[in-house]
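Topology and contacts: notes
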Amino acid sequence: MKLKSYLLLLLTLLMALGCSSGDGNEPEENGSENGNGEENGSEAGVEFSCHAVSVDDMELKLYFIDSKTTQPLEKNLSVELGLPDAEVLNILSEDNKLYITSKALNTSSCDAWIKNLSNGNLLEKSNYCVGDESDIFSFRKNFATSNALYYQYLKGEFLKDIWIGLVDLESGEKRDIFLYEGDDFGLKGLGSSDKIVIEYFKDEQTFFAIIDTQQKQLIGTINNPNKFVKSSTLLNGKLVIFYFDGSFEVYNLSSLSIEKTGNYPVNQFGKFGLFKSSGFESQILVEASTIQPGPLSYNLALFNIVNGEIIPLDLNEIREQMTKAPYNVLFSGFVNGAYEIDFGKELLYVGFQYNDNGILNGGVVTFNFDLKIEKIDYIKGKPVLIIPKS
């Protein structure tokens, strides 16, 4: 009877060990130390995951980061997709998809690679530019939305006609849209689910052209001739314009009408021009002003467009934590534009660079709204884009 009980206990233990070994589908853990020889704080208080894109010696690399593993999972996108050098690529994300576009120098050839980060599917578009060989296609002004690729180019006498080319990702239909006549200095673009917003300057004023990607046409232009624009962004499919006089306006992109006006602390905002941000309900993640000269090129804050409240998310505090035990990061700086927010989990992901035995490599620090570091992950090269898993 004792032998039978012993064998039963032994069998139970063996089954438990077998169940804990995993099925091989999760990223493999490769140790718990970072590039500085210290712990990375992988025992995070909340579960999270994100992707980070870096440029490492002209190659584009994709990393999967989560709260459970100590070492990010790396993929070399340049090798996998056969990409040209990273310096000629434009990289952005929409709807958990990675959009990579390139413009071959001295040609009208534009190529795109669209990678679905949820299922790994890839869509390639070759030579999607529209126009004549005599047209001049802008080098880095290629953009994307969830259903269209678009790009800016010049044509006409003295190349003063500014056009937007649009390619529908489902049907492949191409369309030329005349924007305005003038210079293309400072032209920027952002996309929502079905609209494209193009910011441009003409006659010392700021204009916002609104393009409907379903109708494939320019539906109107927004301009307030009595105010000077400091910055602008999209929030929940609406255009928010911040002016130098401390006021802001929220526009409906279908009716082009003002839905809300208010005031904001203009001296605490550090961003200029049209910028991509993340928003939830009434809150927008914005770049805050920093004291210069100083250790940071930018800071972060949450701005509430309903009550005008601004909540600092002090990167100086995060930097100080990173450079002390248990992390001891040989910190070099936070990377401009390489940050994202998860409003649901109240987490921020910020890319940084550090001294890795005389070489600048990168990483992503994840911290909560209380400025407590959850985890630090180390990657090769310079992080240029962070995409929270949706």
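As a reminder, the structure under discussion sits directly above these lines.
Residues numbered from 1 in each chain as written. Predicted model: local features only at pLDDT ≥ 70, side-chain atom pairs only at ≥ 80, totals over all residues. Heavy atoms only, no water.

Comments concerning the overall build of the protein chain
Within the protein chain, the regular secondary structure consists of three helices and 29 strands. Out of the 390 residues belonging to the protein chain, those deemed buried represent 51%. Contacts in the protein chain between residues at least 24 apart in sequence constitute 43% of all its contacts with a sequence separation of at least 6. Accessible surface computed for the protein chain: about 18900 Å², of which carbon and sulfur atoms make up 50%. (Helix = DSSP H or I, 4+ residues; strand = E, 2+ residues; numbered from the N terminus. Buried < 20%, exposed > 50% of the residue type's maximum accessible area, 1.4 Å probe, protein only. Contact = heavy atoms within 4.5 Å. Areas by Shrake-Rupley, 256 points an atom, 1.4 Å probe, with all protein chains shown as cover.)

Details of the sheet that holds strand E21 (residues 279–280)
Spatial strand order, E21-E22-E23-E24: four strands in an open sheet with antiparallel pairing. Here the strands that pair on one side only, and so sit at the sheet edges, are E21 and strand E24 (310–313). Of the strand pairs in this sheet, strand E22 (residues 283–288) and strand E23 (residues 299–304) are connected by six bridges, and their pairing is antiparallel. Bridging across to E23, Glu 287 finds its partner in Leu 300. (Pairing = 2+ DSSP bridges.)

Re the pairing of strand E18 (residues 247–252)
Buried residues dominate E18, accounting for six of its six residues. Side-chain alternation along E18 places Ser 247, Glu 249 and Tyr 251 on one buried face and Phe 248, Val 250 and Asn 252 on a second face that is also buried. Looking at chain direction, strand E17 (residues 238–243) and E18 are connected through five bridges and run antiparallel. The residue bridging Lys 238 from the neighbouring strand is Asn 252, located in E18. Taken together, E17 and the strand that follows it, E18, pair antiparallel across an intervening segment of three residues, in which Gly 246 is found at a positive phi of about 90°. Sheet topology places E18 next to strand E19 (residues 258–263); five bridges connect them, and they run antiparallel.

As for a nonpolar patch on the surface
Among the surface-exposed residues, Phe 228, Phe 244 and Phe 272 lie close enough to one another that they form a single nonpolar patch of about 380 Å² accessible area. Looking at the secondary structure, you find Phe 228 in the loop between strand E15 (217–222) and strand E16 (229–235). (Patch = residues over 30% accessible without salt bridge, like charges linked within 9 Å, V, L, I, M, F, W, Y side chains within 5 Å. Salt bridge = Lys/Arg side-chain N within 4 Å of Asp/Glu carboxyl O.)

Observations concerning the environment of Thr 145
Summarising the element assignment, Thr 145 is placed in the loop between strand E8 (136–144) and strand E9 (148–155). Note on Thr 145: relative accessible area 0%, which makes it buried. Residues Thr 145 and Asp 194, spaced 49 residues apart in sequence, show a C-alpha to C-alpha distance of 7.6 Å. In contact with Thr 145, not counting residues within four places along its chain, are Glu 94, Tyr 99, Tyr 150, Leu 169, Gly 191, Ser 192, Lys 195, Ile 196 and Thr 213.

Some thoughts on the pairing of strand E26 (residues 347–356)
As a general feature of sheets, a regular strand has side chains that alternate between the two faces. Burial of E26 is extensive: nine of the 10 residues sit out of reach of the surface. Where strand E25 (residues 331–342) folds back on E26, the antiparallel hairpin that results is connected by four residues, among which Glu 346 adopts a positive phi of roughly 55°. Of the strand pairs in this sheet, E26 and strand E27 (residues 359–368) are connected by 10 bridges, and their pairing is antiparallel. The residue bridging Leu 348 from the neighbouring strand is Phe 367, located in E27. In textbook terms, the turn of a hairpin is the stretch between consecutive antiparallel strands, and for E26 and E27 this stretch comprises two residues, one of which, Asn 357, has a positive phi near 55°.

Here we look at the side chain of Asp 56
Relative to the helices and strands, Asp 56 resides in strand E1 (residues 49–56). In contact with Asp 56, other than residues within four places in its own chain, are Lys 61, Lys 380 and Gly 381.

Some details on the packing of aromatic side chains
Two aromatic rings are characterised by how far apart their centres lie and by the angle between their planes. Tallied over the entire structure, the rule returns 20 aromatic pairs. Between the aromatic rings of Phe 269 and Phe 303, the centroid separation amounts to 5.4 Å while the plane-to-plane angle is 85°, which identifies the pairing as edge-to-face. Placement of Phe 269 in the loop between E19 and strand E20 (273–274) and of Phe 303 in strand E23 is noted, with a sequence separation of 34 residues between them. Residues Phe 269 and Phe 303 agree in their burial class; the two are buried. Through a chain of ring-to-ring contacts, three or more aromatic side chains come together here, namely Phe 242, Phe 248, Tyr 264, Phe 269 and Phe 303. Its guanidinium or amino end placed over the ring of Phe 272, Lys 230 lies 5.1 Å from that ring's centre, counting from NZ or CZ. (Phe/Tyr/Trp six-rings, centres within 6.5 Å; stacked < 30°, edge-to-face > 60°. Lys NZ or Arg CZ within 6 Å of the ring centre and 35° of its normal.)

Details of the sheet that holds strand E4 (residues 89–94)
On the basis of which strands lie adjacent, the open sheet formed by four strands has the order E4-E5-E6-E7 and antiparallel pairing. Each having just a single partner strand, E4 and strand E7 (122–125) make up the two edges of the open sheet. Strand after strand, the sheet turns through a mean of 15° between neighbouring axes, direction not considered. Looking at chain direction, strand E6 (residues 110–116) and E7 are connected through four bridges and run antiparallel. Within the sheet, the bridge partner assigned to Ala 112 lies in E7 and is Lys 125. (Axes fitted to C-alpha atoms, helices over the stretch in contact; angles between N-to-C directions.)

Focus on the pattern of salt bridges
Taken as a whole, this structure holds 13 salt bridges when the rule is applied. Between Asp 245 and Lys 227 there is a salt bridge, with its nearest N and O atoms 2.7 Å apart. Here the residue Asp 245 occupies a position in the loop between E17 and E18, and Lys 227 occupies one in the loop between E15 and E16, the gap between them amounting to 18 residues. A salt bridge links Glu 259 to Lys 238; the nearest nitrogen and oxygen atoms lie 3.1 Å apart. Of this pair, Glu 259 sits in strand E19 while Lys 238 is found in strand E17, placing the two residues 21 residues apart along the sequence. Residue classification places Glu 259 among the partly exposed residues on the basis of a relative accessible area of 42%.

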